[in-house]
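Analysis of the macromolecular model
Spelled out, the chains give:
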Amino acid sequence: MMNRVKFGVCGLGRIGTRHAEFFAKEKDKYELVAGCDIDARRAGEFGREYGCKDYSDYAEFLKNPEMELVIISTPSLDHVSNAADALKAGKKVLLDKPISVTNENFREIQALDNEYKGKLFFLHNVRFNPAFQTVQKVIESGILGDVQFVKIRRHMGFARRCDWQTLLSCGGGQLSCWGPHVIDQGLQLIHSPLKQIWGHLQLVNARGDADDQVKIMLVGENGIVADLEISYMSAICSPYCTVYGNRGTLVCPNDLSCQEDIQVKYIDPSFQFDNHPVIQGSPLKVAGQGFHCDEQIPWMEEKVKIKPAGNLPDIWEDRIVLHLYQALREGVPFPVTSEQAFEVMRVIEEVKKQNPQFKWL
């Protein structure tokens with residue numbers, strides 16, 4: 001109990017209170033000592049609920065002598081300045097996404113990370129989704145062969161949003177909202193430096209001026225292509241993740257439910273292709289196979305359970321809680337590196353440049 005991390009949360013909206021809940025329940029690892037929000041009423045309610053000090057002034061909040069860690073879940077445009085103030089006050093920081101909104105913000109957060117080594121952590125918690133991690137395990141098993149192409153779809157249904165996340169003036173848009181998560185997952189599956197970035201953004205249904213349809217193509221130096229999509233115009237939703245290898249395919253229907261198994265179809269690992277010579281001239285149609293070689297491919301099919309089961313968003317929140325404690329108290333490297341978080345932002349900034357039709361801040 002003496003080695004608990006005493007923490008505070010700044011920004012007590014939907015996400016901030018969720019972080020508070022999951023960190024605070026780990027009573028042997030964390031102690032919630034403070035909450036801060038510009039809405040004094042909301043801060044007061046939070047303080048009474050958790051039995052901690054409450055603040056509506058951020059500068060006073062940072063003076064709390066007990067607080068070692070600050071979780072920042074304020075509006076996106078405030079993330080970098082809030083992180084800077086907390087680091088200067090001697091606190092460690094867990095920064096919610098997006099870690100920056102403007103190109104200037106991006107340079108500032110890189111400078112802060114360099115100045116305050118080991119004190120700034122980035123909250124890319126969706127990479128710990130059990131569905132995504134199960135996909136990674138199937139790939140690592142080798143049954144799909146060499147992975148060549150991956151698709152990740154964050155289809156949100158058909159909706160006409162009208163909240164702050166549809167306004168560029170508030171740092172909104174799906175490139176900044178779900179983009180960091182989807183891009184981070186794409187980079188994890190490519191696991192290679194990028195040689196090409198392409199993106200196309202649209203405003204289809206949202207009531208504001210920010211993007212609600214995102215299409216990004218990433219090409220790794222290793223040749224793997226990641227096709228990423230975020231959409232609010234998906235009346236019929238596509239599978240969350242599809243992976244194509246030279247010996248099989250994986251389809252994960254849904255990343256937020258453990259009710260649907262991952263489907264895998266792959267070639268028997270013991271089977272070796274024959275090296276048939278290429279036939280010049282007109283193609284010969286092989287009975288039952290079309291214009292292919294006459295090999296009888298021994299396909300295998302199976303369903304893979306997503307593990308662990310449970311409420312998956314809750315699980316990925318629990319993972320970030322554990323990983324941060326291990327980094328702060330046990331010397332275990334935090335699995336989301338600064339370099340990875342900055343590469344996500346580099347992709348976002350490049351996509352913005354390719355879409356000047358939006359009035360970026």
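See the structure shown above.
Given the structure is predicted, the values throughout are model-derived calculations rather than measurements. (Residues numbered from 1 in each chain as written. Predicted model: local features only at pLDDT ≥ 70, side-chain atom pairs only at ≥ 80, totals over all residues. Heavy atoms only, no water.)

Quick word on the overall build of the chain
In terms of helices and strands, the chain carries ten helices and 14 strands. Each principal axis of the C-alpha atoms in the chain carries an extent, and together these give about 80 × 50 × 40 Å. Within the chain, counting contacts between residues at least 6 apart in sequence, those at least 24 apart form 70% of the total. Side chains of the chain carry 41 positive and 47 negative charges; the gap between the two charge centres is 2 Å. (Helix = DSSP H or I, 4+ residues; strand = E, 2+ residues; numbered from the N terminus. Contact = heavy atoms within 4.5 Å. Lys, Arg positive; Asp, Glu negative; His and termini not counted. Charge placed at Lys NZ, Arg CZ, Asp CG, Glu CD.)

With respect to the pattern of salt bridges
Counting across every chain of the model gives 22 salt bridges. Close ionic contact of Asp318 with Lys25 constitutes a salt bridge, the shortest N to O distance being 3.4 Å. Taken as a pair, Asp318 in helix H9 (residues 312-329) and Lys25 in the loop between helix H1 (14-24) and strand E2 (30-36) lie far apart in primary sequence, 293 residues in all. Judged by relative accessible area, which is 29%, Asp318 ranks as partly exposed. By relative accessible area, which is 43% here, Lys25 ends up partly exposed. Among the ionic pairs, Arg41 bridges to Asp39, the shortest N-O distance being 3.5 Å. (Salt bridge = Lys/Arg side-chain N within 4 Å of Asp/Glu carboxyl O. Buried < 20%, exposed > 50% of the residue type's maximum accessible area, 1.4 Å probe, protein only.)

So, the sheet that holds strand E5 (residues 92-95)
Across the sheet, which stays open at both edges, the six strands sit in the order E3-E2-E1-E4-E5-E6 with parallel pairing between neighbours. Looking along the sheet, the strands with just one partner apiece sit at the ends: strand E3 (53-55) and strand E6 (120-122). Ignoring which end each strand starts from, the neighbouring axes of this sheet average 25° apart. Sheet topology places E2 next to E3; three bridges connect them, and they run parallel. (Pairing = 2+ DSSP bridges. Axes fitted to C-alpha atoms, helices over the stretch in contact; angles between N-to-C directions.)

Side note on the side chain of Asn129
Considering the arrangement of structural elements, one finds Asn129 in the loop between E6 and helix H6 (130-141). By relative accessible area, Asn129 is classed as buried at 0%. A polar atom in the side chain of Asn129 sits 3.0 Å from the backbone oxygen of Asp255. Other than its neighbours up to four places away in sequence, Asn129 contacts Asp255, Leu256, Leu312 and Trp316. (Polar contact = N/O pair within 3.5 Å; in protein donor to acceptor, adjacent residues only side chain to side chain.)

Examining the nonpolar core
Ranked by size, the top nonpolar core spans 103 residues in total, and within it Phe61, Ile109 and Leu218 carry the most contacts. Other than its neighbours up to four places away in sequence, Leu218 contacts Leu187, Ile190, Leu194, Gln196, Ile197, Ile224, Val225, Ala226, Leu228 and Val347. (Core = buried A, V, L, I, M, F, W, Y, C linked by side-chain atoms within 4.5 Å.)

Brief notes about the packing of aromatic side chains
Counted under the stated rule, the structure contains 13 aromatic pairs. When the ring of Phe23 is compared with that of Tyr30, the centres are 4.9 Å apart and the planes differ by 75°; the resulting orientation is edge-to-face. You'll find Phe23 and Tyr30 in the same group, each marked buried. An angle of 65° between the planes, with centres 5.6 Å apart, marks the rings of Phe122 and Phe342 as edge-to-face. Of this pair, Phe122 sits in strand E6 while Phe342 sits in helix H10 (residues 338-353), placing them 220 residues apart in sequence. With relative accessibility at 1%, the residue Phe122 sits in the buried group. (Phe/Tyr/Trp six-rings, centres within 6.5 Å; stacked < 30°, edge-to-face > 60°.)

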